[in-house]
Structure formats: structure tokens, C-alpha cells
Amino acid sequence: MTAVTLGPEGTYSHRAAQAIADADAIDFRQSVTSIVDAVATGEYDRGVIPIENSIEGSVTESLDALAEYDVAVVREIVTPIKHALLAQGPGFETIASHSQALAQCRSYLEREYPDATLEAVASTAQGVEFAREDPTIAGIGHPANADNATELEVLAEDIQDQDSNATRFFAVAPAEDRSKGGGKTTLVVYPNANYPGLLLELLEPFADRDINLTRVESRPSGRRLGDYVFHVDIEAGLYEARTNEAIAELEELAEKGWVRRLGSYDLEHVVE
Ligand SMILES: O=C(O)C(=O)C[C@]1(C(=O)O)C=C[C@@H](O)C=C1
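Calculation notes
- Residues numbered from 1 in each chain as written.
- Predicted model: local features only at pLDDT ≥ 70, side-chain atom pairs only at ≥ 80, totals over all residues.
- Heavy atoms only, no water.
- Helix = DSSP H or I, 4+ residues; strand = E, 2+ residues; numbered from the N terminus.
- Rg over C-alpha atoms; globule rule 2.2 N^0.38 Å.
- Buried < 20%, exposed > 50% of the residue type's maximum accessible area, 1.4 Å probe, protein only.
- Areas by Shrake-Rupley, 256 points an atom, 1.4 Å probe, with all protein chains shown as cover.
- Near = heavy atom within 4 Å.
- Polar contact = N/O pair within 3.5 Å; in protein donor to acceptor, adjacent residues only side chain to side chain.
- Contact = heavy atoms within 4.5 Å.
- UniProt positions renumbered as here; feature names shortened; annotations may be inferred.
- Phe/Tyr/Trp six-rings, centres within 6.5 Å; stacked < 30°, edge-to-face > 60°.
- Lys NZ or Arg CZ within 6 Å of the ring centre and 35° of its normal.

So, about the overall build of the protein. When helices and strands are counted, the protein shows eight helices and 15 strands. For a compact globule of 272 residues, the expected C-alpha radius of gyration is about 19 Å, and the protein comes in at 20 Å, within 12% of that figure. In terms of overall dimensions, the protein has C-alpha extents of about 60 × 40 × 30 Å along its principal axes. With 272 residues in all, the protein has 52% of them scored as buried. Accessible area of the protein: about 12300 Å², with a carbon and sulfur share of 45%.

What follows is the structure, given as C-alpha cells:
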């Protein structure tokens, strides 16, 4: 199986991807959208993208790509995120990392490096690569990025603002690999409507059947201000009658828009 994820080598996405693919069968792209695109077109069997972080919340580019492309979600992977500060030495002026990582270390950076320039780059490993090439740049990423790299020092470890920092990833697959088996299901709903109680009505079919929601996110539809697409994760599989009944009701409520079943899947924790 070939997989594609956010590169270069050494990103957290890369670490998560190793839960579903052999290390030598993983390729890299520079953005989440290009990963989802490469899976939707069948270029890869699987893609691994970050969805949500326990400190910083949704990875909005991923949600928007899931709403735009016809792909399946086939696995959820949760990993702890332990950030280190990596540089050639203490004389750096700029700290480069993924915007999510910079945000997850906000308090540490304000306290320890209030004068440093923060630069958002495509991924944590990309920032570390810049630090490897330039002594005025430090990167934030997994400490293993410094292994076998004589030019890089780990200046500080565990710099994230909460010890419990963790990120949830989805393994995405071509639409035909969509599965009904698994304890969770992801749906994307575009009601194309706006009236008092709409969101309450959309969620009631699940409450009525005792189906627990584990995530509800709204994203702008991009069509007009105040018009939303909802991302809903439920603790039930598409193999269950109650799930299909709830979705049938949801489809009636969203008759002017659409409901997409991204598939059912199981959760995997990656410890390191
Ligand atoms: O830059 C990386 O290492 C990534 O895999 C991306 C990403 C993210 O988008 O949230 C993944 C996990 C961490 O939360 C920080 C960054």
C-alpha cells in the first residue's frame, strides 16, 4: 500500500502515517489539500492528514479538503505531540514551524523568546530543515529530527503549552474504499438553509437514537457570509440500522443541500 502525507520526512503526520503504511511506502506533499487531491485521483491508496489538535483545535485546511473532494475516511489515528526547539545553537533570531505547532507553544515562546520572529512554514519538519541550513533559524518539531544530524542541537524539550497535547489524524482513501464497519463515522452536512433551531434539528436524529456525537465543527461554505458546512463525527458505524435511520432524517432536513458519508472506521493510538 502506498501512502502520502505532509513532508518532508520527520513531520508528525509522517509519524502517524507509519501506523498504516511501511516507512519505505510513504511519499510526501507540501499541503493537506494536495494530499487529499492525490488520494481522490487514485494516485495513492492512502493519505494521512491532521484534523484536530487538543490545544489549537481544527486544522481548517483539512476540513475544507474533506468537504471538497470525494474521499473516504478509513482510520482515525491519535498521537501525543511533544515539541522540541531545535537549532544550530542559541544564536537564532527566527523560529520557523507549522502554524499549529507555533500556536501550541505560544506561552513558552512568549516567555522564553519574546523578541524572536515567528515564521509559519509548511510543516514542523520544514522548519527544522531551515534550521539545519541557517544558524539564524530555530525549528519546532519532534526531537527525533535531531537524531543523526550533527549540525542540530535540541535546545529544549516538551515546550508545548499542555502536557496532554495530542493531534487526531484521518487516514483517507479513494471513495470506493469507504467502509460501513467501525465504531465511528464521519459525516459532512451542507443544509443550505438558515433558520432558528436548524442546528438543533440536524442533531436531534442522533440524540433520539442515543448516538453520541464526538465532534461538531462548522466551516464557512464559501458561498455567502453566515452559510455553513457542518462536520459531524458520531460514535456509531454505518453498519448499524440506527445510524442509517438518523442519516435518512438528516438528509430530509438538508434536502436543499447535501449529506456526505465519509465512512466508518476505528481509532488507533500511536504512543510515540
Ligand atoms: O507539521 C507537522 O509536523 C504536521 O504533521 C502538521 C501538524 C498539524 O497540522 O497540526 C500535525 C501535528 C501537530 O499538531 C503540528 C502540526
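Our focus in this paragraph is the site of the ligand. Near the ligand, the surroundings consist of 15 residues, among which Tyr12, Ser13, Gln104, Thr124 and Thr167 are the closest. Side-chain polar atom of His98 to an oxygen atom of the ligand: 3.4 Å apart, as the coordinates give it. Contact distances for the ligand include 3.0 Å between an oxygen atom and a side-chain N or O atom of Gln104. Elements supplying a minimum of two residues to the shell around the ligand: helix H1 (12-17), strand E3 (46-53), helix H4 (99-104) and strand E11 (166-174).

Turning our eyes to something else, we now look at the environment of Cys105. Relative to the assigned elements, Cys105 resides in the loop between H4 and helix H5 (106-112). Residue Cys105 is classed as buried on the basis of its relative accessible area of 0%. Between the C-alpha atoms of Cys105 and Gln162, which are 57 residues apart in sequence, the distance is 8.5 Å. The residues contacting Cys105, other than those within four sequence positions of it, are His83, Ile140, Ile159, Gln160 and Asp161.

A separate point is the UniProt feature "domain: ACT" (unreviewed entry) in the protein. Within the UniProt annotation, "domain: ACT" (unreviewed entry) is assigned to residues 187-264. Along residues 187-264 one finds 31% helix and 33% strand; the C-alpha atoms at either end are 9 Å apart.

Throughout the structure, instances matching the rule amount to four aromatic pairs. Taken together, a centroid distance of 5.1 Å and an interplanar angle of 50° make the contact between Phe92 and Tyr113 tilted. Pair noted here: Phe92 is in the loop between strand E6 (84-87) and strand E7 (94-97) and Tyr113 is in the loop between H5 and strand E8 (117-120), with a separation of 21 residues, a long-range link. Residue classification places Tyr113 among the partly exposed residues on the basis of a relative accessible area of 26%. Each residue in the set Phe92, Tyr108 and Tyr113 is aromatic and connected to the rest through ring pairs, giving one cluster. Above the ring of Trp258, the side-chain terminus of Arg260 is found at 5.9 Å from the ring centroid.

In terms of backbone geometry, most residues other than glycine have negative phi values and most peptide bonds are trans. Here Gly7 and Pro8 are connected by a cis peptide whose omega angle stands at 0°. Summarising the element assignment, Pro8 is placed in the loop between strand E1 (3-6) and H1. Of note in this structure, Asn192 is not a glycine but carries a positive phi near 50°. Tracing the backbone shows Asn192 in the loop between strand E12 (184-190) and helix H7 (198-208).

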